[in-house]
Amino acid sequence: MYLLPKPKKWILNDREYVLSKDRRITLGESCPPEVFAYAKQLNGYAAEYCGYDLQITRGEREGAGIFLQMDSPDGSLPAPAEVYDSVKLQAFRIRIGEDGIIITGASMAGLFYGIQTFRQILLQSGPVLPYMEISDEPVLPHRGYLHDVTRGRIPTLSYLKKLADKLAACKINQLHLYVEHSFLFSGYGEVCRDDTPLTQQDILEFDAYCRERWIDLVPCMASFGHLYKVLRTNSFGDLCELPGMSEEPFGFADRMRHHTLNVSDPESVRFAKRLIDEYLPLFSSRFFNIGADETFDLGKGKSREMAVQKGVHRLYIDFVRELCKHVKAKGRVPMFWGDIIVHFPDALQELPPETICLNWGYEPDVPEEPTGRLSKTGAKLYQCPGVSGWNEFIPRIRDSHDNIRRMCGYAVKYQAEGLLNTDWGDYGHINHPDFSMPGMMYGAALSWNPESGEFENLNRAISVLEYGDPTEKVVSVLAGVSGCQIYGWRDLVDYKEERIHFKKTGNTDPENTASLSESSLPELERALKRLDEISGQLYQIISGLQMQKRPAIRPFLNAIAGIRLMQMTGYYVSMFENPSQRTEKRGDLPGPSEVAALWENWLLDYKNEWRKISRESELHRIQEVICYYADYLRET
C-alpha cells in the first residue's frame, strides 16, 4: 500500500476490518457543524471505492463504521491563520481496528487531512481494510503551489476547481495564481481586448472554493517586472523602462527579456499600487505576492541617469520597499521573489520585518549557498522549486524531482516558513497542466515528510494513486520522454523569431541559431525510436488502467506525437540551413511536406485538448508557430 505523503508514524497489522454497507459515518460531539461537509465528501469516497453509500449521523462512537472527532487541546476552534501557521494544528490520527475506523484531527484542517489519507487507503483496499494506526503532521506549515495563468494558458474556472481538489487531496494548503495581464483590471480594455482574462467574480468564487478545502488562495501578480504585454500598449507604454517597445512585434523570447517599469517616473509606483488596491480585496488570504523578479531592464533605459547616481540595486530596493510598505498598510503580509536581492541580501533589513522572500532555484543540482546567504540575514523565507514544465510538451520529470527534493531539504535545514512549488508557463504554457501532477506530488510529499521516498518509489506511488496504474510504471515511463527532446519547443520558437528578425533588420544571422550540430543527428534518430517505444508502453499500460483513468493518458500521447514532429522539424531545419550537413533523407522519415501535414492534423487534436480545460487565451500564438513551420517545410 502507498500513502503520499508518507505518514510520520504508520503501523500495519495483518488483520482486516470490513466496512460493510450497514455501517455509518458518525460525527462525534466534538465536531462543529461544518464537519458535515467532510462527512459527505468521505461518503462520496465510500461510494466510489466500496460501491455503496453509508448513512451519516451524529452521536457516540459505538456501532459507527467511521467515527470523526476533533482533539483540540482546549476544545476551541482555532482561527484559520493559526492553523496554517502550525504543524501541530494540522496533525491527525487514523486508527482501524476491530471497533471500526476512527479519524481524529487536531483542528478541522487536521480532520480534513486525515480524510484525504483515508481516501488513499480506500482507493487501494476498498471495504476490506487492514488494521493500522497512523499519526501524522507536516514538517513545514506552509506547502504551496504556484500555477502560471498568464503566459499562454488561462484555465477555465471549472479546471481551476479541479486543480484545487487535487492540491487538497495532497495536503497542499497554499495556491498562487500568477497573473501579469490575465486579470481584467480597471482600465485594462486595451490590454485584454485580444484575451480571455479572469474576472473579479471568478476570483471571489475560486477563493471561496479554496477556503472550503483548506487552501489559502494568495494574490500573486507582476508589479515591477514581467509586465510585457501591459507596457506594449498605448495606454501604459509610457511607463516602460525601454522606449519604443509598443512598436516591436510580439515575441515569446522578447517577453521573457523586456518588461520592466520605469522607476524614475513617479507614476510607475502609483500604477503598481492601484493594481494592488484593486486585486487585494478579492482574496481572503493575509498574504500578497508582489512578484518583483527578473527586472532585467532596470537602469538601462529611461532610469539610466538615476541608476548612475544611485546604483541599480538602490533603484530596485527602493521600489520594492515602497510596494511592501503599501501591502503592509493594507493589513497583508508582503511576499516577493528573491532572485535580485540575493546579490545584496543585507537590503532585506530595509523591508518590513514580516516580508517573506521567495527564494527560487530550478536546477536539478540547485546549490545551497543562496539559501544560506539569505537565511543569515534573518529574513523569512520560502523555498521555491519547480515542476520543470516550462518550454516543454511534457515536463522534465527527473529534473523536477531532484530540484524539489533539494529545495525541500534546504527548507527544513534553514527553517523556512514554507515551500512554494512552481509551474511556470514560459513560451506559451504549451503543456497540459495535468502533466505537472508528478512534480506537484513530489512537492506535496516531500514538504510534508522529507522521508516520503526516493524517485522510483515516489513514481510507483504516484502511478497508483494518481493514474490508477496496477503496473506502477506510468510515471517512470513518462520520465523517459525528457531524454528524447533533442530539438525542443524553445528551439522552434527562437529560430522562427530570429529568422523573422533577420529578414526585417539583417542584424542577426539565423544560421547561427538554427539547427542541430551534425553530431546530434544520430541522437535525434535514437530519440525518435525511443519515443515510439514510450508510446507503445503507454498503450500497453492503458489496457490495465481503471476505465475512468484511461482518458488521462490521451493528452500524453498527443504530446509525444508533437515531440516526434519537433524532432523531424529539427532534422529538416538542420538540412535546409546547413548544406554541409545535408545527407540523403532517411527512408523511414516522412518528407517535409508530409511532416507539414502531420503538424496541421496534430494541431487540430492539440486545440481540442486545450479547449477542454482552458480559455482561448494565447492558443493563437502557438498555432502561429505550428503554421509557420508547416509553411516553412513546404516552401524550403
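Residues numbered from 1 in each chain as written. Predicted model: local features only at pLDDT ≥ 70, side-chain atom pairs only at ≥ 80, totals over all residues. Heavy atoms only, no water.

A. The arrangement of the pairing of strand β9 (residues 174-179) in detail. Counting buried residues in β9 gives six out of six residues, a clear majority hidden from the surface. By the alternation rule, side chains of β9 split into Q174, H176 and Y178 and L175, L177 and V179, which are all buried. Sheet analysis places β9 next to strand β10 (residues 216-221), joined by six bridges and oriented parallel. Opposite L177, over in β10, you have P219 as the bridge partner. (Buried < 20%, exposed > 50% of the residue type's maximum accessible area, 1.4 Å probe, protein only. Helix = DSSP H or I, 4+ residues; strand = E, 2+ residues; numbered from the N terminus. Pairing = 2+ DSSP bridges.)

B. Region of interest: the environment of D491. Note that D491 resides in helix α17 (residues 489-505). Accessibility expressed as a relative area gives 35% for D491, which makes it partly exposed. When the C-alpha atoms of D491 and G570 are compared, they prove to be 8.3 Å apart, with 79 residues separating the residues in sequence. Ignoring sequence-local partners within four residues, the contact set of D491 consists of I486 and Y629. Only 2.8 Å separates the side chain of D491 from the backbone nitrogen of G488, close enough to count as a polar contact. (Contact = heavy atoms within 4.5 Å. Polar contact = N/O pair within 3.5 Å; in protein donor to acceptor, adjacent residues only side chain to side chain.)

C. Spotlight on the packing of helix α20 (residues 592-613) against helix α21 (residues 619-635). Orientation of α20 relative to α21, taken along the N-to-C sense of each, is 170 degrees, at an axis distance of 8 Å. As summarised for this structure, α20 and α21 are arranged roughly antiparallel, according to the angle between their axes. (Axes fitted to C-alpha atoms, helices over the stretch in contact; angles between N-to-C directions. Parallel < 35°, antiparallel > 145°, perpendicular 65-115°, else oblique.)

D. Seen up close, the sheet that holds strand β7 (residues 128-136). Across the sheet, seven strands lie side by side as β1-β7-β5-β6-β4-β2-β3; this open sheet has mixed pairing. In this open sheet, the two strands that pair with only one neighbour each are β1 (9-18) and β3 (55-58). Strand-to-strand twist across the sheet, computed as the mean angle between neighbouring axes with direction ignored, equals 20 degrees. The pairing of strand β2 (residues 24-27) with strand β4 (residues 66-70) spans three bridges and is parallel. Within the sheet, the bridge partner assigned to L27 lies in β4 and is L68. Sitting on the sheet, helix α1 (residues 35-50) is in contact with β2, β3 and β4, with an inclination near 165 degrees to β2.

E. How the structure looks around the nonpolar core. L68, F118 and W489 are the most contacted members of the largest nonpolar core, which has 218 residues in total. In terms of residue count, helix α19 (residues 554-577) provides more of this core than any other element does, 13 residues in total. Setting aside residues up to four positions removed in sequence, F118 forms contacts with L42, I66, I94, I96, I101, I103 and L129. (Core = buried A, V, L, I, M, F, W, Y, C linked by side-chain atoms within 4.5 Å.)

F. Here's a closer look at the pattern of salt bridges. If you walk through the whole model with that rule in mind, you get 42 salt bridges. Put simply, R286 and D85 hold a salt bridge, and the shortest N to O gap is 2.5 Å. Residue R286 is located in the loop between α9 (266-279) and β11 (287-289), and its partner D85 is located in helix α2 (residues 80-85); the two are separated by 201 residues in the primary sequence. When its relative accessible area of 24% is taken as the criterion, R286 is described as partly exposed. Of the charged contacts in the structure, one is a salt bridge between E392 and R396, with a shortest N-O distance of 2.8 Å. The network of salt bridges with shared partners includes D148, R151, E180 and D426. (Salt bridge = Lys/Arg side-chain N within 4 Å of Asp/Glu carboxyl O.)

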